[in-house]
Amino acid sequence: MEAGIFGSNNMNNHELLQKKLRQQKHHRFLQTLTGVRVLCEECTDAHLAEILQKLPDVAFYNNDKLPDDKIPCHTEKAELYHWIIQKMQINEGLHCYLLHDGMWAALLIENSLAAVQSLWESTNGFALLNVEQNILCEVCSDSRDEQHYLFDVYHLGNETMKLTSISEFLNRDDSFLVKLRCENRFDTVAYAEIRNALTQNATIWKTKGSVPVEEVAALVSLIDQLAGGSRFFDEETAIQVEDACIEIEEIISDLIEQSDI
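A short tour of the structure in this document, coming up. It should be emphasised that the depicted structure is a prediction, and the values quoted were computed from it without experimental measurement.

About the cut-offs
- The residue numbering used here restarts from 1 in each chain and proceeds along that chain's sequence as written.
- Since the coordinates come from a predicted model, pLDDT governs what is reported: local features require at least 70, and pairs of side-chain atoms require 80 or more to be given and counted, while whole-chain, interface and lining totals use all residues.
- Based on all heavy atoms of the structure, the side-chain values leave hydrogens and waters out of the count.
- Think of it this way: DSSP has to see at least two bridges between two strands before they count as a pair.
- Only DSSP runs of H or I covering at least 4 residues are called helices, and only runs of E covering at least 2 are called strands; the numbering of each starts at the N terminus.
- Interaxial angle, 0 to 180 degrees, is taken between N-to-C directions of lines fitted to C-alpha atoms, where a helix line uses only the stretch in contact.
- Residue contacts are defined here by distance: any two heavy atoms, one from each residue, within 4.5 Å place the two residues in contact.
- Accessible area is worked out with a 1.4 Å probe on protein chains only. A residue is then buried under 20% of its type maximum, exposed over 50%, and partly exposed in between.
- What is meant by a nonpolar core is a set of buried Ala, Val, Leu, Ile, Met, Phe, Trp, Tyr and Cys residues, joined one to another through side-chain atoms within 4.5 Å.
- Working definition: roughly parallel below 35 degrees, roughly antiparallel above 145 degrees, roughly perpendicular at 65 to 115 degrees, and oblique for all remaining angles.
- Here the nonpolar group is Ala, Val, Leu, Ile, Met, Phe, Trp, Tyr, Cys and Pro; Asp, Glu, Lys and Arg are the charged ones; every other residue, Gly included, is treated as polar.
- The salt bridge definition used is simple: a Lys or Arg side-chain nitrogen within 4 Å of an Asp or Glu carboxyl oxygen.
- Pairing of N or O atoms within 3.5 Å defines a polar contact, subject to two protein rules: one partner must be a possible hydrogen donor and the other a possible acceptor, and residues neighboring in sequence count only if both atoms are side-chain atoms.

1. Some remarks on the sheet that holds strand β1 (residues 36-40)
Here's step 1: The strand order across the open sheet formed by 7 strands is β1-β4-β3-β5-β6-β7-β2, and the pairing between neighbours is antiparallel. Looking at strand neighbours, the two that pair on one side only are β1 and β2 (69-72), the edges of this open sheet. Adjacent strand axes in the sheet meet at a mean angle of 25 degrees, parallel and antiparallel pairs treated alike.
Here's step 2: Helix α2 (residues 13-32) contacts β1, β3 (95-100) and β4 (103-109) of the sheet and is inclined by roughly 15 degrees relative to β4.
Here's step 3: Sheet contacts for helix α5 (residues 112-123): β1, β3, β4, β5 (126-130), β6 (135-140) and β7 (148-155); angle to β5, the most-contacted strand, approximately 135 degrees.

Laid out in structure tokens, this is it:
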């Protein structure tokens, strides 16, 4: 058992009692869920422990992380549930881990809509770990933006844990811009990777007082492609592109204002 993740074996009677009460509460919570089959109420296997060790490296505990997407709090429940299902890629047959009260429960999704509805109404925010894809997704409301429900995605695979430059993101064969221009599709996950990488890199650039030449070229290309729009975009994609362009420009403007760049 991993002490730093699943708790210590050296507990006094009070700690044991508190743990037992928390486990009972966790058990009752899981019994209220619909649309899921509970495979394990409190998972402590080595593979899960290995994955959870990566959480600090992907800013899971960082309150300054920008949300990867958001939706107004006044959104109708039906639309909200559909949005959560789409963002978290919740499908029937999905095996995942649910984080609740510091414990991880293994679930099998049997009805995605019923599962999301019961999870949301019971917690008003939850996190699911897809072990096969090494992705942790969370929907919640917090102080980062109190007018919206927020979506965050954390890539736990070794490749995505590296701080990647913007130019490397844009030079990939299946890059965000390739999908946008060739498929007229706004890849929200790929865009979130770029935005969060830009936010993290901007902190370093401010300290150094300079931006690498290849990054400047990549940012110019990104803004140019976003600002150009396309008559082939549907209404939703056009709005996403416009919002992304404004967001990237704001990050760059903030970078310039707070440094000598």
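2. Concerning the environment of Ile109
Here's step 1: The topology assignment puts Ile109 in strand β4.
Here's step 2: Through-space distance from the C-alpha of Ile109 to that of Val36 is 4.6 Å; in sequence the pair is 73 residues apart.
Here's step 3: Setting aside anything within four residues of it in sequence, one finds Ile109 in contact with Gly35, Val36, Ile90, Asn91, Glu92, Gly93, Leu94, Cys96 and Ala115.

3. Focus: the pairing of β5
Here's step 1: Most of β5 is tucked away: 5 of the 5 residues are buried.
Here's step 2: Residues Phe126, Leu128 and Asn130 line one face of β5 and the alternating positions Ala127 and Leu129 line the opposite face, and both faces are buried.
Here's step 3: By the bridge criterion, 3 bridges tie β3 to β5 in an arrangement that is antiparallel. Residue pairing across strands places Leu98 opposite Leu128, the latter belonging to β5.
Here's step 4: Pairing geometry for β5 and β6, over 5 bridges, is antiparallel. Within β6, the position partnered with Ala127 by the bridge is Glu138.

4. Structural notes on the nonpolar core
Here's step 1: Within the largest apolar cluster, 30 residues are counted, with the highest numbers of intra-cluster contacts made by Ile84, Met88, Leu98, Trp120, Phe126 and Val139.
Here's step 2: Those elements that place two or more of their residues in this core are α2, α4 (77-88), β3, β4, α5, β5, β6 and β7.
Here's step 3: Here this core gets 6 residues from one element, more than from any other, and that element is α4.
Here's step 4: Residues Ile166, Leu180, Ile194 and Cys245 belong to the second largest nonpolar core, which totals 28 residues.

5. Regarding the packing of α4 against α5
Here's step 1: Interaxial distance between α4 and α5 falls to 10 Å at its minimum, and their mutual angle equals 110 degrees. Between α4 and α5, the angle is such that the two are roughly perpendicular. Taking contact as the criterion, the partners of Leu80, Tyr81, Ile84 and Ile85 in α4 are, on α5, Ser112, Leu113, Val116, Gln117, Trp120 and Glu121.
Here's step 2: When its residues are assigned to classes, the contact of α4 with α5 shows 7 nonpolar, 2 polar and 1 charged.

6. Description of the pattern of salt bridges
Here's step 1: According to the stated counting rule, one finds 11 salt bridges in the structure shown.
Here's step 2: Within this structure, Lys65, Asp68, Asp142, Arg144, Asp152, Arg195 and Glu247 form a network of salt bridges that share partners.

7. A word on the environment of Glu257
Here's step 1: Within the secondary structure layout, Glu257 lies in helix α11 (residues 235-257).
Here's step 2: For the pair formed by Glu257 and Lys206, sequence separation is 51 residues and the distance between their alpha carbons is 9.8 Å.

8. Brief notes about the environment of Thr75
Here's step 1: Among the secondary structure elements, Thr75 is positioned in the loop between β2 and α4.
Here's step 2: Distance from Thr75 to Tyr149, taken between C-alpha atoms, is 9.2 Å for residues 74 residues apart in sequence.
Here's step 3: A distance of 2.6 Å separates the side chain of Thr75 from the backbone oxygen of Pro72, its partner in a polar contact.

9. Digging into unusual backbone geometry
Here's step 1: A positive phi is found at Gln89, a non-glycine position, where the angle reads about 55 degrees.
Here's step 2: Position of Gln89 relative to the elements: it lies in the loop between α4 and β3.
Here's step 3: The partly exposed category is assigned to Gln89, whose relative accessible area is 36%.
Here's step 4: Positive phi, close to 55 degrees, is recorded for Asp101, a residue that is not glycine.

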